[in-house]
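# A structural walkthrough
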Amino acid sequence: TRVQKEGWPAIASGEHALLLAPTGSGKTLAAFLAALDGLLSLPVDAEPGVRVLYISPLKALVYDIERNLRAPLVGLGNASAQLGTSIRPVRVDIRTGDTKQRDRRLQLKDPGEVLVTTPESLYLLLGSQARDTLRTVTTVIIDEIHVLAGSKRGVHLALSLERLSALCDNE
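A quick note: this is a predicted structure, and the numbers were derived from the prediction, not measured.

Bringing the side chain of Thr117 into the picture now. For Thr117, the location among the structural elements is in strand S3 (residues 114–117). Taking the relative accessible area as the measure of exposure, Thr117 reaches 0% and is therefore buried. A polar atom in the side chain of Thr117 sits 2.6 Å from the backbone oxygen of Arg95. With residues near it in sequence (within four places) discarded, Thr117 still touches Leu53, Tyr54, Ile55, Ser56, Val62, Arg95 and Leu122.

Have a look at this one:
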């Protein structure tokens, strides 16, 4: 789509980018594909930690994205196998208020490269032991930003993003 063609270079450059287009135009997919491209180029022995942080104010969307992200990852793996090459495995974790304690402990010990979460859960992560798993974040994707803009939740998220920026080694 047009937004993907115009957005990809801005996203891939590592600069901040805001993609504005109608629902269903592929904004989130464009952001994820650029992020996955970066993840797949990491060395196999790269330091463990979250690299891509996806934040949605809508918990239902968090679960949709997690499911929809797994399909492109499987597709990339299949395409790689057909070409006779291998790619670095990319794992996706979800962290919301519904995440089981067992899963939280696993995420703390061995975090996935992609973390799908809500603004409120990000706030809690930044105030917990799990904060250290976020030091490696290089990409933040915020979906449905219009739901947050101009609200207390948006201000709260902005403060969490400032805390995240201060935490990351790669400002």
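Let us keep going from here.
Take the packing of helix H1 (residues 2–12) against helix H2 (residues 27–40) next. The interhelical angle for the contact between H1 and H2, taken along N-to-C directions, is 35°, at an axis separation of 9 Å. Relative to H2, H1 is oriented so that their crossing is right-handed. For the pair H1 and H2, the contacting residues are Val3, Gln4, Trp8 and Ile11 in the first and Lys27, Leu29, Ala30, Ala31, Leu33 and Ala34 in the second. A class-by-class count of the residues in the contact of H1 with H2 yields 8 nonpolar, 1 polar and 1 charged.

In terms of nonpolar packing, the biggest core is built from 20 residues, with Phe32, Val52, Leu69, Val114 and Val116 touching the most fellow members. Those elements that place two or more of their residues in this core are H2, strand S1 (52–55), helix H3 (59–82), strand S2 (92–95) and S3. With near-sequence residues (within four places) excluded, Val116 lies in contact with Tyr54, Val62, Ile65, Val92, Asp93, Ile94 and Arg95. The next biggest cluster of nonpolar side chains, apart from the first, holds 15 residues, and it includes Ala130, Leu134, Leu148 and Cys168.

Along the chain, Leu164 falls in helix H7 (residues 152–167). The exposure class assigned to Leu164 is buried, which follows from its relative accessible area of 4%. Through-space distance from the C-alpha of Leu164 to that of Val140 is 9.9 Å; in sequence the pair is 24 residues apart. In this structure, Leu164 is in contact with Leu53, Leu126, Leu134, Val137 and Val140, ignoring residues within four places of it in sequence.

Conventions we followed
Residues numbered from 1 in each chain as written. Predicted model: local features only at pLDDT ≥ 70, side-chain atom pairs only at ≥ 80, totals over all residues. Heavy atoms only, no water. Helix = DSSP H or I, 4+ residues; strand = E, 2+ residues; numbered from the N terminus. Buried < 20%, exposed > 50% of the residue type's maximum accessible area, 1.4 Å probe, protein only. Polar contact = N/O pair within 3.5 Å; in protein donor to acceptor, adjacent residues only side chain to side chain. Contact = heavy atoms within 4.5 Å. Axes fitted to C-alpha atoms, helices over the stretch in contact; angles between N-to-C directions. Left-handed = near helix turned anticlockwise from the far one by under 90°. Nonpolar A, V, L, I, M, F, W, Y, C, P; charged D, E, K, R; others polar. Core = buried A, V, L, I, M, F, W, Y, C linked by side-chain atoms within 4.5 Å.

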